Number of protein chains: 4
Amino acid sequence: MSGEIAPESPKRTQGRPRSDEAHDAVINATIALLTHAGYPGLSIERIAATAGVGKRTIYRWWPTKGALVAEAYTQLISDRHPDPDTGSVQRDLHVMMRRLFRAGLHPQAGAVLRSMMVEAQRDPRFATEFQTFIADRRRVLSKVLQRGIDRGELGADTKLDVAVDALFGPFWYRLLSPHAPLSDTFAQDVVDQLLSGIGVSSTP
Amino acid sequence: MSGEIAPESPKRTQGRPRSDEAHDAVINATIALLTHAGYPGLSIERIAATAGVGKRTIYRWWPTKGALVAEAYTQLISDRHPDPDTGSVQRDLHVMMRRLFRAGLHPQAGAVLRSMMVEAQRDPRFATEFQTFIADRRRVLSKVLQRGIDRGELGADTKLDVAVDALFGPFWYRLLSPHAPLSDTFAQDVVDQLLSGIGVSSTP
Amino acid sequence: MSGEIAPESPKRTQGRPRSDEAHDAVINATIALLTHAGYPGLSIERIAATAGVGKRTIYRWWPTKGALVAEAYTQLISDRHPDPDTGSVQRDLHVMMRRLFRAGLHPQAGAVLRSMMVEAQRDPRFATEFQTFIADRRRVLSKVLQRGIDRGELGADTKLDVAVDALFGPFWYRLLSPHAPLSDTFAQDVVDQLLSGIGVSSTP
Amino acid sequence: MSGEIAPESPKRTQGRPRSDEAHDAVINATIALLTHAGYPGLSIERIAATAGVGKRTIYRWWPTKGALVAEAYTQLISDRHPDPDTGSVQRDLHVMMRRLFRAGLHPQAGAVLRSMMVEAQRDPRFATEFQTFIADRRRVLSKVLQRGIDRGELGADTKLDVAVDALFGPFWYRLLSPHAPLSDTFAQDVVDQLLSGIGVSSTP
DNA sequence: AATTAATCGAGACGGTACGTCTGGTCTTAGA
DNA sequence: TCTAAGACCAGACGTACCGTCTCGATTAATT
């Protein structure tokens, strides 16, 4: 997901080491441009100019524009929130979804997430990277749900994949289409509705 | 959403009338390019060349690349399926979602839908157009759900907006992120899960 | 040189007659655009829009943009000054050259003359028309010079063509290249210099 | 007049240096297109395609189409003929004018000169550049004439500017208007006529 | 201290596409 | 049959980015 060089990279040494200043300038310029100029105002050319960095330097470290944006995201959402585990599925999901929806509302983080999804449609190389990101998130949610099943809070026949889609789906839908806001209330409603269902005879 | 001229347009005539040949050639070229070259291979330049049409003609009738793609979609999904109304919410929703998911699977129609969502992120003008498209679809679904409530099939306290998001959300999520396919089974699972809920003691 | 229809055109009648309003509007628009926007601002499109006339109407009556400009010129210099014939070559030439140079200075007429020369370089059809215009002017000047030879004012071995070029050449040169103005003084200097020569032992 | 970089340019380097290959390819393509397709067939688009060069590269180095054509001219007339100085004004002028007229006859060089004059009428930016070109040429001729005055070959009251116009004027006139060819004979006639005058009692 | 090698900024390169403008043709309704 | 309006195909305009490619200069670690 990131352009970081592994600490134990095989061929180290010799030559000028990577400049952290340049790295940070690029990431910050990316975030700044996404914020002020939006996704259409995001081009490598402009990032390079804004960061005061050569284009070559960007291409050297980030294979795709998506990779760049993805790293900007991890910088923004730096504290990778741990799995909550409050003992109640509903509470766990409330916390996670609220946290997620707030990220979507965050002006920078939201723009970055949108950009990644858009970039994934266009760039097959990034699409692959992006799928690992998506899979990561799904895995965390699946674990929480599985715990709910194990504890008997959720039906044993619950289809995990479908349930995960029922939670992330509305998030991405509202993130990309502004027909309604990503409010805290909505986050909880999505969870509650999934747990209770909307059919009257759902629990006979 | 479409470039059609309203039947009782106030400004009638004067000047050469719009050429239907050119119109159709443009739409067909758009579909052809989307099919053969994919969305990245879709440029006004290429559409014009393929259709044997001046670029001016395209810009005259479609303000955005998105608007063009949107009309191509309505052409592909030409039979605007009427509201099913089988007497059962569940059946109605099954039919609608299956139909929708199949459109997403359709190689051209799926690409067009994806393109529209992407274009809406980039072009604010199209974003507005796209919202009317989104709103239309939501309205249809809302009507079906409301009927369910009226018939007592759905809880009277059902939040319509949340329910609609719970149905369209997973669709767009899987359409844009290929972590799992838009199968018929998935379409039904989404509906059933929404109706029944996944919590065991959901109705205390 | 003009797009006028001969008054006794053979096949008259039938159909809507030519609109003089349209004709005049086109010519006036041409002059107006040349004045306010200069030669680069002169396009059939803009003339049609300014005149409130269909492009077709222009193309119907004037085969080339040059023909249009040429007719605008004859409208501006409507009083085709007659050959002066004062009895003295020098006086005749002074009068003619001063008149010509003033036309070049006239903001509209100068622009039109420049436009014609430019158009003649680009449009072979107009180049032919333009040559008859050039030939006309040369003929008038030749006649005056020939009279001078006949009267013994000019050398019998004077090469008429060369002399005509020596008079018109500097005019066009300064008309097209603004290195110095087309002043009355210059008009007379050109004539006097041609008559006297600049070599000291020219008349031994 | 040229795109050359001054030898002792103050801003030395930084960034990839200008490609001479690209430069030459552009100039050669310009000449080729002028030759084969004429001035109307000369577009930046086509030059770029013919030269195998990006349009940006052309716009980077030549502000105007005229500037490009101007440099093509200096390449064609590469040996900037030195001031002849034979000891006789007449002989000097004969040499210079013959040389100039032959350039006008040269199929490419003539087209280029014509193109420059046309471009100067249309593009004010190039008009300025072109005036320095014109001024350069005038200066050379002035020097020759001044030498003639100093040596007593020409009248002390000779108006240099008028004399220069009397030499260049007929050249440009015949270059732009094909009423008569730019022959060697004509070149000499223009000079001789200027020196001797055509009036019999011109020196009373 | 000198050498070596990878970095940095700057920016030119060949390209593709953008959205606008014009040229010249064509097609209507109305005079 | 002409006119005004304006759509049509074609293609050039000048700009913005793309991803690649040189440069000279900088900065360690290795000689």
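Refer to the preceding data block for the structure.
Each value, and the rule that gives it
Residues numbered from 1 in each chain as written. Chains lettered and ligands numbered in written order. Predicted model: local features only at pLDDT ≥ 70, side-chain atom pairs only at ≥ 80, totals over all residues. Heavy atoms only, no water. Helix = DSSP H or I, 4+ residues; strand = E, 2+ residues; numbered from the N terminus. Buried < 20%, exposed > 50% of the residue type's maximum accessible area, 1.4 Å probe, protein only. Contact = heavy atoms within 4.5 Å. Areas by Shrake-Rupley, 256 points an atom, 1.4 Å probe, with all protein chains shown as cover. Lys, Arg positive; Asp, Glu negative; His and termini not counted. Charge placed at Lys NZ, Arg CZ, Asp CG, Glu CD. Least-squares fit on C-alpha atoms with pLDDT ≥ 70 in both. Buried area = accessible area lost by both parts, 1.4 Å probe. Salt bridge = Lys/Arg side-chain N within 4 Å of Asp/Glu carboxyl O. Polar contact = N/O pair within 3.5 Å; in protein donor to acceptor, adjacent residues only side chain to side chain. Near = heavy atom within 4 Å. Nonpolar A, V, L, I, M, F, W, Y, C, P; charged D, E, K, R; others polar. Expected span 1.5 Å × (residues − 1). Axes fitted to C-alpha atoms, helices over the stretch in contact; angles between N-to-C directions. Parallel < 35°, antiparallel > 145°, perpendicular 65-115°, else oblique.

### So, the overall build of chain A
Logical step 1: Along chain A, the regular secondary structure elements total 9 helices and 0 strands.
Logical step 2: Its helices and strands in sequence order give chain A the pattern α-α-α-α-α-α-α-α-α, from N to C terminus.
Logical step 3: Taking the principal axes of its C-alpha atoms as reference, chain A extends roughly 70 × 40 × 30 Å.
Logical step 4: With 204 residues in all, chain A has 49% of them scored as buried.
Logical step 5: Taking the intrachain contacts of chain A between residues at least 6 apart in sequence as the baseline, contacts between residues at least 24 apart amount to 66%.
Logical step 6: When the accessible surface of chain A is split by element, carbon and sulfur atoms take 52% of a total near 9,900 Å².
Logical step 7: The distance from the centre of the 25 positive side-chain charges to the centre of the 23 negative ones in chain A is 6 Å.

### Thoughts on the relation of the copies chain B and chain A
Logical step 1: Least-squares fitting of chain B to chain A yields an RMSD of 0.6 Å, with the transformation described by 0.1 Å of translation along the axis and a rotation of 179 degrees. Here the transformation between the copies is reduced to the relation of a two-fold axis. Considering only C-alpha atoms, the part of chain B nearest the rotation axis is G197 of chain B, at 1.5 Å.
Logical step 2: A share of 100% of the interface residues of chain B reappears at the interface of chain A, consistent with the copies meeting face to face through the same patch.

### Overview of the interface of chain B and chain A
Logical step 1: Facing 43 residues of chain B, the contacting portion of chain A comprises 44 residues.
Logical step 2: Summed over both partners, the interface of chain B with chain A comes to about 3,900 Å²; 59% of that surface belongs to carbon and sulfur atoms.
Logical step 3: The three residues of chain B that bury the most area against chain A are Q121, Y173 and I198 of chain B, which together make up 19% of that side's buried surface.
Logical step 4: At the boundary of chain B with chain A, the tally comes to 4 salt bridges.
Logical step 5: Where chain B meets chain A, there are 28 residue pairs in polar contact (both at pLDDT 80 or more).
Logical step 6: Within the residue set of the side of chain B that touches chain A, elements represented by two or more residues are α6 (107–122), α7 (124–150), α8 (160–176) and α9 (184–196) of chain B.
Logical step 7: The element best represented in the side of chain B that touches chain A is α8 of chain B, accounting for 12 residues.

### Description of the protein's contact with DNA strand E
Logical step 1: By nearness alone, 48 residues border DNA strand E, and T57 of chain A, E45 and K55 of chain B, K55 of chain C together with G15 of chain D come closest of all.
Logical step 2: Sugar and phosphate atoms represent 61% of those atoms of DNA strand E found within 4 Å of the protein.
Logical step 3: One nitrogen or oxygen atom from the main chain of E45 of chain C is found 3.1 Å from a phosphate oxygen belonging to DNA strand E.
Logical step 4: Backbone polar atom of R16 of chain D to a sugar or linking oxygen of DNA strand E: 3.2 Å apart, as the coordinates give it.
Logical step 5: Elements that contribute at least two residues to the surface near DNA strand E include exactly α3 (55–61) of chain A, α2 (44–51) and α3 (55–61) of chain B, α2 (44–51) and α3 (55–61) of chain C together with α3 (55–61) of chain D.
Logical step 6: Residue composition of the surface near DNA strand E, by class: 10 nonpolar, 16 polar and 22 charged.

### What to know about the side chain of Q193 of chain D
Logical step 1: Note that Q193 of chain D resides in helix α9 (residues 184–196).
Logical step 2: Accessibility expressed as a relative area gives 9% for Q193 of chain D, which makes it buried.
Logical step 3: Excluding residues within four positions of it along the chain, Q193 of chain D makes contact with K159, V162, A163, A166 and L194 of chain C together with I198 of chain D.

### Considerations on the relation of the copies chain C and chain D
Turning one copy of the chain about an axis and sliding it along that axis gives the other copy, so a rotation and a shift relate them.
Logical step 1: For the pair chain C and chain D, the superposition axis carries a translation of 0.1 Å, the fit reaches an RMSD of 0.5 Å, and the rotation angle comes to 179 degrees.
Logical step 2: Counting the interface residues of chain C, we find that 100% of their copies in chain D are interface residues as well, pointing to one common contact surface.

### A look at the environment of R174 of chain D
Logical step 1: Within the secondary structure, R174 of chain D is located in helix α8 (residues 160–176).
Logical step 2: Look at R174 of chain D and you get buried, because its relative accessible area is 7%.
Logical step 3: Linking R174 of chain D and G104 of chain D, residues 70 residues apart in sequence, is a C-alpha distance of 9.1 Å.
Logical step 4: Contact partners of R174 of chain D, with chain neighbours within four places excluded, come to D161 and D165 of chain C together with H179, A180, P181, L182 and F186 of chain D.

### Notes on the interface of chain C and chain D
Logical step 1: Opposite the 44 residues of chain C that make contact, chain D presents 44 residues.
Logical step 2: For the pair chain C and chain D, the number of links is 4 salt bridges.
Logical step 3: R174 of chain C is the partner of D165 of chain D in a salt bridge, and the nearest nitrogen-oxygen pair spans 2.6 Å.
Logical step 4: Between chain C and chain D we count 28 residue pairs in polar contact (both at pLDDT 80 or more) in total.
Logical step 5: No other element matches the 12 residues that helix α8 (residues 160–176) of chain C contributes to the side of chain C that touches chain D.

### So, helix α1 (residues 20–37) of chain B
Residues and elements named next belong to chain B.
Logical step 1: Over its 18 residues, α1 extends 25 Å from the first C-alpha to the last, a length consistent with the 26 Å expected when each residue adds 1.5 Å.
Logical step 2: Of all the positions in α1, only A22, H23, V26, I27, A29, T30, I31, L33 and L34 are classed as buried.
Logical step 3: For α1, the elements touching its buried residues are α2, α3, α4 (65–76) and α6.
Logical step 4: For α1, the N-terminal capping position is held by S19, with its side-chain oxygen 3.3 Å away from the main-chain nitrogen of E21.
Logical step 5: G38 sits one or two residues past α1 and shows a positive phi near 75 degrees.

### Description of the packing of helix α1 (residues 20–37) of chain D against helix α4 (residues 65–76) of chain D
Between two packed helices, the angle of one axis relative to the other and the distance separating the axes together describe the packing.
All names here are of chain D.
Logical step 1: Where α1 meets α4, the axes come as close as 9 Å, and the angle between the chain directions of the two elements is 90 degrees. As judged from the angle between their axes, α1 and α4 are roughly perpendicular. Note on element contacts: α4 touches α1 through L68, V69, E71, A72, Q75 and L76, opposite H23, V26, I27, N28, T30 and I31.

### Side note on helix α6 (residues 107–122) of chain C
All names here are of chain C.
Logical step 1: Its 16 residues place the ends of α6 23 Å apart at the C-alpha level, agreeing with the 22 Å of an ideal helix rising 1.5 Å per residue.
Logical step 2: Most of α6 sits inside the fold, with 12 of its 16 residues counted as buried.
Logical step 3: Looking only at α6, the buried set comprises Q108, A109, G110, A111, V112, L113, S115, M116, M117, V118, E119 and A120.

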